[in-house]
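Residue-level structure breakdown
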Amino acid sequence: MLITIKSILAETKSELVSSGIETDDFELRLLLSAATGTDIKTMPRNQMDISREQFAKFKFMISERKQHKPVDKILGYRGFYKYDFSVSTDVLTPRPDTEILVENAIKAAQNNNYNHILELGVGSGCIIISILAELKHADGEGVDISPQALQIAQRNAENIGVSSRIKLRCADWFDNDFNNNFNRKFDLIVSNPPYINTNEIKTLAREVSGYDPMLALDGGSDGLASYRRIAEIAPLLLETGGMLFLEIGEGQGADVIDIFSRQGLYYEQSFNDLSGIQRCITFKK
Ligand SMILES: C[S@@+](CC[C@H](N)C(=O)[O-])C[C@H]1O[C@@H](n2cnc3c(N)ncnc32)[C@H](O)[C@@H]1O
């Protein structure tokens, strides 16, 4: 069937807007290109010949979007730093703000010749995989409590070509013997732990609360539970002279600096995200 793209996009947009979903032409073109298996860069602007099955697939994607499912979770991937990462409802969608941590951790590793990296809470693997992809001589370990998330991280590590340099492990950092999982120390530890306070989760957009896993969001009654625990375990896993890079939630900087300083790490620096909010904090041992 021959479709006129402009009118399909306009009809779909008004259908979504009347269901309370914000959208734009780029997002809709992305979905149409995925439904038809066409590269968005070469997709025609005016008319296009598509099969009934492809049209039905596009309509199904729109019905998912109407349920507030985010576009990346409909498409099954999200661009982060330099690569596309597979995503599903089992992992947090990688956020552009997290690229600040990645960029600065790579610089620190290059300047200090850090080669052994640990990530606590890998999710899709976007942080440690991006770092290992830049540091060709480095290796790493990644931990997550969610076996489903680890499967996605493994797939991303294979697709991005770092699977031979990363070991993924299912473990809970609240376990008393968590540190026994490792038989070495690390030069660099990175973590973006869950940091939303439990009561705030229900106030988040449905795109987040309905489609990012609770395990990735819930930081306990004050949002700081995982930082307190990571402050107990990370100093013992870090080499002297090594660094810890943490992502934090808005307004958590002073508390997080206090929590980690009490465990003997030295606060180094913080970095703001794209909106000017303090988002990444670094410590040295
Ligand atoms: C905010 S997400 C970050 C995911 C990914 N690193 C990113 O930045 O997109 C936090 C991750 O920590 C994991 N996690 C939460 N609690 C954990 C625990 N007690 N032990 C190990 N991993 C945990 C979650 O499953 C989730 O994948």
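Owing to the predicted nature of the structure, the values given are computational and were not obtained by experimental measurement.

1. Quick look at the packing of helix 5 (residues 99-112) against helix 6 (residues 126-134)
- Packing of helix 5 against helix 6 leaves a shortest axis separation of 10 Å and a crossing angle of 40°. Classed by the angle they form, the pair helix 5 and helix 6 counts as oblique. Viewed along their axes, helix 5 and helix 6 form a crossing whose handedness is right-handed. Contacts between helix 5 and helix 6 involve Leu 101, Val 102, Ala 105, Ile 106 and Ala 109 from the first element and Ile 127, Ser 130, Ile 131 and Glu 134 from the second.
- Of the residues that constitute the contact of helix 5 with helix 6, the class distribution is 7 nonpolar, 1 polar and 1 charged.

2. Quick look at the domain arrangement of the protein
- Split into domains, the protein comes out as domain 1 (2-67) and domain 2 (90-284).
- Each of domain 1 and domain 2 has a C-alpha centre, and these two points are 36 Å apart.

3. Here we look at the pairing of strand 7 (residues 166-170)
- Both strand 6 (residues 139-144) and strand 7 contribute to a ladder of 5 bridges, which runs parallel. Within the sheet, the bridge partner assigned to Asp 144 lies in strand 7 and is Cys 170.
- With respect to chirality, the unit in which strand 6 leads through helix 7 (residues 147-160) into the neighbouring parallel strand 7 is right-handed.

4. Here's the deal with the packing of helix 1 (residues 5-18) against helix 3 (residues 52-66)
- With their axes 10 Å apart at the nearest point, helix 1 and helix 3 run at an angle of 25° to one another. Relative to helix 3, the element helix 1 lies roughly parallel. Note that helix 1 runs across helix 3; the crossing there is right-handed. Contact with helix 1, carried on its side by Thr 12, Glu 15 and Leu 16, involves Ile 62, Arg 65 and Lys 66 of helix 3 and no other residues of that element.
- Broken down by class, the residue content of the contact of helix 1 with helix 3 amounts to 2 nonpolar, 1 polar and 3 charged.

5. As for the site of the ligand
- Near the ligand lie 22 residues; those nearest to it are Gly 121, Gly 123, Ile 145, Asn 192 and Ala 216.
- Those elements that place two or more of their residues in the shell around the ligand are helix 6, strand 6 and helix 9 (214-217).
- By residue class, the composition of the shell around the ligand is 14 nonpolar, 6 polar and 2 charged.

6. Some thoughts on the nonpolar core
- Ile 131 and Ile 189 are the most contacted members of the largest nonpolar core, which totals 58 residues.
- When residues in this core are grouped by element, the largest group, 6 residues, is from helix 6.
- Excluding its chain neighbours within four sequence positions, the residues that come into contact with Ile 131 are Val 102, Ala 105, Ile 106, Ala 109 and Ile 117.
- One finds Leu 28, Phe 58, Met 61 and Ile 62 within the second-largest nonpolar core, a separate group that totals 7 residues.

7. Focus: the pairing of strand 9 (residues 238-247)
- A large share of strand 9 lies buried, amounting to 7 of its 10 residues.
- As paired strands, strand 8 (residues 186-191) and strand 9 are joined by 5 bridges and run parallel to one another. By the bridge assignment, Ser 191 is partnered in strand 9 with Leu 246.
- As judged from the 5 bridges shared by strand 9 and strand 11 (residues 278-284), these two strands associate in the antiparallel manner. Within strand 11, the position partnered with Leu 246 by the bridge is Ile 281.

8. Considerations on the environment of Leu 28
- Looking at where Leu 28 falls in the secondary structure, it is placed in helix 2 (residues 25-36).
- With 22 C-beta atoms counted inside 10 Å, the residue Leu 28 sits in the buried group.
- If near-sequence neighbours (up to four positions away) are discounted, Leu 28 is found in contact with Leu 9, Thr 12, Lys 13 and Thr 23.

How each quantity is defined
Residues numbered from 1 in each chain as written. Predicted model: local features only at pLDDT ≥ 70, side-chain atom pairs only at ≥ 80, totals over all residues. Axes fitted to C-alpha atoms, helices over the stretch in contact; angles between N-to-C directions. Helix = DSSP H or I, 4+ residues; strand = E, 2+ residues; numbered from the N terminus. Parallel < 35°, antiparallel > 145°, perpendicular 65-115°, else oblique. Left-handed = near helix turned anticlockwise from the far one by under 90°. Contact = placed C-beta atoms within 7 Å. Nonpolar A, V, L, I, M, F, W, Y, C, P; charged D, E, K, R; others polar. Domains from an automatic or database assignment. Pairing = 2+ DSSP bridges. Right-handed = clockwise from strand over helix to strand, strands pointing away. Near = placed C-beta within 6 Å. Core = buried A, V, L, I, M, F, W, Y, C linked by C-beta atoms within 7 Å. Buried ≥ 20, exposed ≤ 12 C-beta atoms within 10 Å, placed from the backbone.

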